[in-house]
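# Fold and contact review
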Amino acid sequence: MRKVFAGPRLRRLRQEHSLKQVELARELGISAGYLNQMEHNQRPLSVPVLLRITEVFGVDPTFFAASDTSRLIAELKEALTDVPTGEQVSTDELDELASAMPSVARVLVDLHRRYRDVSGQAAALAEGRDHSAVSVATMAYEQVRDFFYERQNYIEELDERAEELVEREGVEPGRAHTALTRLLSERHGVRVETETPGQESTRNRAYDTNRRVLTLAAHLRPGQRAFQLATQLAFLEHGDLLDELARGEELSTGQAVRLARIGLANYYAGAFVLPYKTFLATAETERYDIELLADRFGVGFETVCHRLSTLQRPRTRGVPFSFVRVDRAGNMSKRQSATGFHFSRSGGTCPLWNVYTAFSAPGIIQRQIAQMPDGRTYFWVARTVHRGYGGYGAARKTFAIGLGCELRHAHRLVYSTGLDLNDPAAATPIGLGCKVCERPACPQRAFPPAGRSLLVNEGSSTVAPYPFAEQAPSTSTSMHVRRT
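A few words on the pairing of strand S8 (residues 332-337). Pairing between strand S7 (residues 322-326) and S8: five bridges, direction antiparallel. Bridge pairing links Val 326 to Met 332 in S8. Here S7 hands over to S8 after five residues, with Gly 330 in that stretch at a positive phi of 90°.

Laid out in C-alpha cells, this is it:
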C-alpha cells in the first residue's frame, strides 16, 4: 500500500491561503497536533483527509502526488547535464532532492541560469559584440518568462478584476471591443482612432498621453482590437497593481520589470476578452474545441490556446495545459505551463514532437500522445497560425501552436475522440532535447547527450547516431513516497 508523505506541499498550501494550523485543522475535522505531524512528514496523508483537502482548497488529489515535482526534476536534470562534471546523477536521486529539499533544488537551477548568462556574455566578448546589451536583453525576456512560469501562468488579482468589470458592464462574448471603446472614453477620457487603411505601421497600438488618443492599426480584427483596447485599459486603470505584481524576485533589471508590466497588462486583456467563468464553462461544454471557442468569442486560435493555459483558479480549475509557440527553425518564442512539462533551455527541443509536424500540414490539427523518458505521458494538439497584413508580396509570419496536458486529462478533450488512450504503443517517445535526452536508440538524435560516454567502435555501425553507454539503474528510494 502506498503512503503519501507531502508535508511541505500541505504547509505551503495552507500558508498560501493565510490559514493557521488550528484553522485548517478545524476545517479538516482533525486535531492541530495531527495536522502538525502531517506537515512535518511524521504521518502520511490519509484518504479521508486527502479528500477533505480537495474540497477545502479545490485542488486535484494529484497535487500531492510525486509528479508534482516533475518540472523541478526536469530543470535539475538539464542544469546538471549542461555542465559536465564527470558525475552522473540518476533521476531517482534528483527526485529525492526535489521532494525533500525543493529550495536547494531551485537554488541549483538558478545558479545554472546565471552560468548560462555569463557564458553568453563570454561568447559575445569573444566575437567582439556588445556583451552588456546582448546579455541584458536576453536576461530580461528570460526573467519575464520565469516570472509567469513560476506562477503557472495564472495571476489571480488581474483575472478577477477583469472578470468583475465584464460582469458589471454586461459585456457580451465577441463584442468586447465596443464596450472597451466606451469604457476608455467614459472612465479615462481616451478617444480611440483607427489608422487610415493602407497606411504602413509596425505598431498595433499607440497611445498619445498628451492628447489622450489611442490609435489602432487598420488591419486589426474585432478580437485583436479588443485585446489592444483592454491592454491600454489595464495600464490606465490598474497601473499601481501592475507595479506591485512586477516586483517579483525573478525581475532584477528595470527592463525586465517593464516587460513584465506589458505581460501583465496583456494577461488582463486576455482575461477581459475571455472572462474566466464564462470561458471555462463554454470550454468544458464544448470539450475544449479550440476552433469552436475561437469562433464563439471572436478571437484567434493562438489567443484561445494561451487563455486555456491560464485556467488554474483554485476551486474552479480547467484542464492544466502547457502552451508553446515555435517557428520553422525551432525557436520557441512563447512557452507557458500549468503542468509538470518542462521546456528545455539548451540543446533545442525534440524533432519528434508534433508541434513541428504541424508545419507539414498548415491549418490542420495534429494530435499526439507523447511519452517523456521518465515515463510521464502527455496529450498534445498542434496547428499552424499565420500573421501579417497587406497585399501580395507582404511579409507573413507562420508559427506552430502547441497545447498539451497530462494524458489523464485527455478524455475531456474533443481531440481524443477515436484514440485508444490506454494503448502504450500509441505513445511517441520524445524528450526535452537531444543534449539532455537519455534515449539511447533514437534515430532522430542530433547531438550526443551531455555528460555521457560515447561508444566508439570501428567494427560496427548503429541505426541511432551517437551511441552511448546506458546509465545503470539507481537503487535510491524517495523520501516522500514510501511503501509498506
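Below, the discussion takes up the pattern of salt bridges. Inspection of the entire model under this criterion finds 22 salt bridges. Here Arg 313 and Glu 163 are joined by a salt bridge, their closest N and O atoms 2.9 Å apart. Taken together, the residues span a long stretch of sequence, with Arg 313 in strand S5 (residues 312-313) and Glu 163 in helix H9 (residues 156-169) at a distance of 150 residues. Salt-bridge contacts for Arg 383 lead to Glu 291; the nearest nitrogen and oxygen are separated by 3.0 Å.

Together, Met 101, Val 104, Val 107, Leu 108 and Leu 111 line one region of the surface with nonpolar side chains, adding up to about 420 Å² of accessible area. Structurally, the position occupied by Leu 111 is in helix H7 (residues 102-126).

The next subject is a negative patch on the surface. Negative charge collects at one region of the surface, where Glu 156, Glu 157, Asp 240 and Glu 244 lie side by side. Every element with two or more residues in the negative patch is listed here: H9 and helix H12 (239-245).

Moving on, we come to the side chain of Glu 163. With a relative accessible area of 5%, Glu 163 lands in the buried category. Ignoring anything within four residues of it in the chain, the contact list for Glu 163 reads Pro 275, Tyr 276, Lys 277 and Arg 313.

Across soluble globular proteins, you tend to see nonpolar side chains buried next to one another. Counting 74 residues, the largest nonpolar core has Leu 158, Leu 264, Phe 272, Ile 290, Leu 308 and Phe 379 as the members making the most contacts within it. Of the residues forming this core, the biggest block, 11 residues, is contributed by helix H13 (residues 254-273). When sequence neighbours within four positions are dropped, the list of residues in contact with Leu 308 reads Phe 279, Ala 283, Tyr 288, Ile 290, Leu 293, Val 319, Phe 321 and Leu 403. Counting 20 residues, the second largest nonpolar core, distinct from the first, contains Met 332, Trp 353, Ala 370 and Ala 400.

Judged by pairing direction, the sheet is mixed, and its six strands sit side by side in the order S8-S7-S11-S10-S9-S12 without closing on themselves. Across the chains shown, the open sheet's two edge strands, defined by having one partner strand only, are S8 and strand S12 (428-429). When strand S9 (residues 366-371) meets S12, the two strands line up parallel, connected through two bridges. Looking at S12, one finds that Gln 371 is bridged to Pro 429. Against the sheet, helix H16 (residues 301-308) makes contact with S7, S8, strand S10 (377-387) and strand S11 (397-406), and its axis sits at roughly 30° relative to S11, the strand it touches most.

With that out of the way, let us pick up helix H15 (residues 290-297). Of all the residues in H15, the buried ones are Ile 290, Leu 293, Ala 294 and Phe 297. Across the axial projection of H15, the buried residues extend over an arc of 105°, all falling on one side. Turning to H15, the residues buried within the fold contact H13, helix H14 (276-285), H16, S10 and S11. Here H15 starts with a cap whose side-chain oxygen sits 3.4 Å from the backbone nitrogen of Glu 291, and that cap is Asp 289.

All right, on to empty space enclosed by the protein then. Within the structure shown, the criterion is met by five cavities of 30 Å³ or more. Considering the residues around the largest cavity, the lining is formed by 13 residues, among which Cys 350, Gly 431, Cys 434, Cys 437 and Cys 442 are closest to the centre. Residues that form the lining of the largest cavity fall into these classes: nine nonpolar, two polar and two charged.

Bringing unusual backbone geometry into the picture now. Even without a glycine there, the phi angle at Ser 18 is positive, about 55°. Relative to the assigned elements, Ser 18 resides in the loop between helix H1 (7-16) and helix H2 (21-28). Positive phi values are uncommon outside glycine, yet Arg 287 reaches one of about 55°.

What follows covers the packing of H14 against H15. At a closest axis distance of 10 Å, the pairing of H14 and H15 adopts a crossing angle of 140°. By the criterion of interaxial angle, the relationship of H14 to H15 is oblique. The hand of the H14/H15 crossing is right-handed. Within the contact between the two elements, H14 uses Thr 278, Phe 279, Thr 282 and Ala 283 and H15 uses Leu 293, Arg 296 and Phe 297. Class assignment of the residues belonging to the contact of H14 with H15 gives a composition of four nonpolar, two polar and one charged.

What counts as what
- Residues numbered from 1 in each chain as written.
- Predicted model: local features only at pLDDT ≥ 70, side-chain atom pairs only at ≥ 80, totals over all residues.
- Heavy atoms only, no water.
- Pairing = 2+ DSSP bridges.
- Helix = DSSP H or I, 4+ residues; strand = E, 2+ residues; numbered from the N terminus.
- Salt bridge = Lys/Arg side-chain N within 4 Å of Asp/Glu carboxyl O.
- Patch = residues over 30% accessible without salt bridge, like charges linked within 9 Å, V, L, I, M, F, W, Y side chains within 5 Å.
- Areas by Shrake-Rupley, 256 points an atom, 1.4 Å probe, with all protein chains shown as cover.
- Lys, Arg positive; Asp, Glu negative; His and termini not counted.
- Charge placed at Lys NZ, Arg CZ, Asp CG, Glu CD.
- Buried < 20%, exposed > 50% of the residue type's maximum accessible area, 1.4 Å probe, protein only.
- Contact = heavy atoms within 4.5 Å.
- Core = buried A, V, L, I, M, F, W, Y, C linked by side-chain atoms within 4.5 Å.
- Axes fitted to C-alpha atoms, helices over the stretch in contact; angles between N-to-C directions.
- Arc of directions from axis to C-beta.
- Polar contact = N/O pair within 3.5 Å; in protein donor to acceptor, adjacent residues only side chain to side chain.
- 1 Å grid on protein atoms, 1.4 Å probe; cavity = no way out; pocket = protein on both sides within 12 Å on 5 of 7 lines; lining within 4 Å.
- Points joined across faces, edges and corners; volume = space filled by probe spheres on them.
- Nonpolar A, V, L, I, M, F, W, Y, C, P; charged D, E, K, R; others polar.
- Parallel < 35°, antiparallel > 145°, perpendicular 65-115°, else oblique.
- Left-handed = near helix turned anticlockwise from the far one by under 90°.

Geometric descriptors of this kind do not, in isolation, establish any biological role.
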